[in-house]
Structures are given as C-alpha cells and as structure tokens.
Amino acid sequence: MSERPSRARALRLGRTLAAVAVLSALPFYLDAFWLRIGLFSMAAAVGAVGLGLLSGTAGQLSLGHAFFLAVGAYGYVWLAGEPGPGLPTSVAAVLAVLLAGAAGGLFSPVAGRVRGVYLGVATLALVFLGHHVLLTADSVTGGFNGRSVPPLELGGFSFSADSELTLLGVPFGAEERLWYLGLALFAVTWYTARGLLRGRPGRALVALRDSETAAAVMGVDVARHRAAAFVVSSMYAGLAGVLLALAFRRVVPDYFGLVLSIDYLAMIVIGGLGSVAGATAGAVFVTALPLLMTRYADQLPLVAAPGTTDSTVGPTEAARYLYGAAIVLILLFAPDGLHGLARRLSARLRTRLSRTRAAPPPAGATESTPSPASAARAKEPTP
C-alpha cells in the first residue's frame, strides 16, 4: 500500500525537477523579447496567485488589485531611489511588500465585513484614489511621467546590464539576470500559496466561501479570516509590483488603472478559481497574448501594426477581444478554467489507458498451453 504514494511523490518530484531544469536553461537560448515575456508572465502569476486566494478560495470579489501592485512598485522606487530614503535595494524590496500588506491591513476591516459586489465596488474606489495620488504626488511618484526604477542589488550582485557578465559564452544582461530572480520569487509564491491552501487556513477559507453560517458553526472567525485573506493577497500583489517595476525599469501611473485589475480577474477566471496552477496558466495567457500579437501584427489578418493610423483593430485591443471571448467560452463549457479542463482530460486519458491494459483477449482466441515436451528447453548436444 505504501509503494503507490511513494511512487506518486517520486513522479511529482521528477516533474518538478525537470521543469526547474528547463526553465533555468531558457536564458541561454532565448533572446530578450521572449525573456521579457517570461518576466512579465512570472510577475503577473505572482499577483494572480494572490488574487486567486482572495477571490477563488475566500470568495471575495476585489477590483482593487492594481492599487496594491502600485503600492509595491512605487514603494520600492521611492524607498530605494532619490528623492526618497535611498535604502539598499534589497531592504527597499522587502519593505515595499510589507507596505502593500499594511495598505491591505488598513482596508481589511472593510474586507472583513463586506462581501460580494459591495466589496468589489469598495475596492474599485481604491483604484481611482490611488491613480489620483500617483498623478498628484509628484515628489514621490514623479507625476504623469513616472520614475525610473533603481536596479536591485543582492550581496554586491546587480540585476542590471551595467556590469558585464558572461556564462558559458552567453552574455547575461538585465533580462537574463532578472529571469532567475523572477523564477525564485515565483517558486516561493507557488509553494507558500499551496501550503496555505492545504493547511487549516485554506480549509477555513474554503468553508467560508461555501457557507458562512456553516463556517461560523465550525468555529471559523469569519471577519478575521476575510481580513487575513485580504492582507495576504495584498502582499502577493506588492511582490508582483516590485518584480514588474524591475522588469519595466520605469513606472508610470497610467499602467496601474482599472484595466489592470480587470486583467487580473480575467487571469484567475480563465485559469480556474481557487487553483495556484490555474492562476499561473491564466496569467501567462493574458500577459503573453498582447505582446505576441504586437510582435506579429503584420502577419495576422485584421490586426494593424503598432503606430498605424487606419481604422483596423490594434494588437492590444485584438488581444482583449480574444481573451474576453476566452472568458465567455470558459464560463460556458469549462467553469473550473484551464486547470480543471486539463485535469479532466488527464483523468480521461488515464482511464482509457487503464481500460486498454485491462481489456480481455479477443473472442475466439484461446490461450495455448504448451506441452511439457515443447515447454522444456532443448538439451544441447554433448561435445
């Protein structure tokens, strides 16, 4: 009985190590464009996992995720830059994540007592308020033009292209170095979120999502768990904001608007609510699609290349139409998202393979029993 679980664990460990090896080798073969797509996707996945915990697991609708992304990004820029305290960049990154969590904590009393569409409208006010502050607080945010992002340094190693670095004959610029930083942050996000979901807090949040009355009867503090989910989601968003700022190298207020919050909702709906892997898949889809369409716009029908003034649809708008259509199709035919669809297809494939292995022999086929003479091995002649 113990061989099967151990075999399954070994198989999961093998798949994880293989995925890590492949992702670690990509900077040696991909150019800067593809690495940039990967960086943006990893940053979006970190934020989408946080929103998935809040909306998919705890059942709390939030339209203010862009606000906490902005707190993380601008918090890092201000804490590490000039004007600002000019702290070491590693310290500034940690404090920016904590600052986003503190902002979520200030809003958590509202999140603990309001739910559904009312919480969505309340968090929507955060986006408009935050955008107004970003435009008017010029000394901190740089106003409409934004601010440049100081490169991160860890132990004297800079995640920028200022210093030359070559590994195995491949020059490592900012994208290659940030790739491994994003990979490490995403791994931390993946395992902490999965541990949270599999532990008592995750079970309490699922019970809270299914039925508040039943959760309260079982001893779950409804308001406290809602508020805690909002704070944790805000910290994930702050971490995603820091990684986005490092990847963009410049932050501007217009990026952190309502459209970004809707994009994150699209990520968790397309990928699958309440799933870490689903949030990751949805983040990659929503992030990579407009970038790919922008690059290959001249080869796609009905899509105008960037900078043209004709009346055709631009690549960004076309990408939004496509993943808007994907949301409709997901809600109609796969309400549990891409993760649920992949899980059902995998289960169906395993069922077919097991049936094929256990299928009886065809009719009319009889098993021949060898006679003792034929079954015995022929004796070799003695020389």
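What comes next concerns the included structure. Note that this is a predicted model, so its numbers are computed, not measured.

### Quick look at helix 12 (residues 276-295)
So, step 1. Between its first and last C-alpha, helix 12 extends 29 Å over 20 residues, near the 28 Å set by a 1.5 Å rise per residue.
So, step 2. Regarding helix 12, the residues found buried are Val276, Gly278, Ala279, Thr280, Gly282, Ala283, Val286, Thr287, Ala288, Leu289, Pro290 and Met293.
So, step 3. Buried residues along helix 12 sit against helix 2 (32-57), helix 7 (174-198), helix 11 (258-271), helix 13 (315-333) and helix 14 (337-357).
So, step 4. Capping of helix 12 at its N-terminal end is provided by Ser275; its side-chain oxygen lies 3.5 Å from the backbone amide nitrogen of Ala277.

### Focus on the packing of aromatic side chains
So, step 1. In the structure shown here, the tally under the stated rule is 12 aromatic pairs.
So, step 2. Between the aromatic rings of Phe248 and Tyr255, the centroid separation amounts to 5.1 Å while the plane-to-plane angle is 65 degrees, which identifies the pairing as edge-to-face.
So, step 3. Under the relative-accessibility criterion, Phe248 is labelled partly exposed at 36%.
So, step 4. Residue Tyr255 is classed as partly exposed on the basis of its relative accessible area, which comes to 32%.
So, step 5. The interplanar angle of 90 degrees and the centroid separation of 5.2 Å between the aromatic rings of Tyr255 and Phe256 together place this pair among those described as edge-to-face.
So, step 6. A residue is classified by how much of its surface remains accessible, and Phe256, at 4% relative accessible area, is buried.
So, step 7. Connected via pairs of aromatic rings, a cluster forms that spans Phe40, Tyr74, Phe248, Tyr255 and Phe256.
So, step 8. It is Arg295 that lies over the ring of Phe33; its NZ or CZ is 4.2 Å from the centre.

### Quick look at the side chain of Ser158
So, step 1. Locating Ser158 in the fold gives a position in strand 3 (residues 157-158).
So, step 2. The residues touching Ser158, leaving out its near neighbours within four places in the chain, are Pro151, Leu152, Glu153 and Arg177.

Rules of the game
- Residues numbered from 1 in each chain as written.
- Predicted model: local features only at pLDDT ≥ 70, side-chain atom pairs only at ≥ 80, totals over all residues.
- Heavy atoms only, no water.
- Helix = DSSP H or I, 4+ residues; strand = E, 2+ residues; numbered from the N terminus.
- Expected span 1.5 Å × (residues − 1).
- Buried < 20%, exposed > 50% of the residue type's maximum accessible area, 1.4 Å probe, protein only.
- Contact = heavy atoms within 4.5 Å.
- Polar contact = N/O pair within 3.5 Å; in protein donor to acceptor, adjacent residues only side chain to side chain.
- Phe/Tyr/Trp six-rings, centres within 6.5 Å; stacked < 30°, edge-to-face > 60°.
- Lys NZ or Arg CZ within 6 Å of the ring centre and 35° of its normal.

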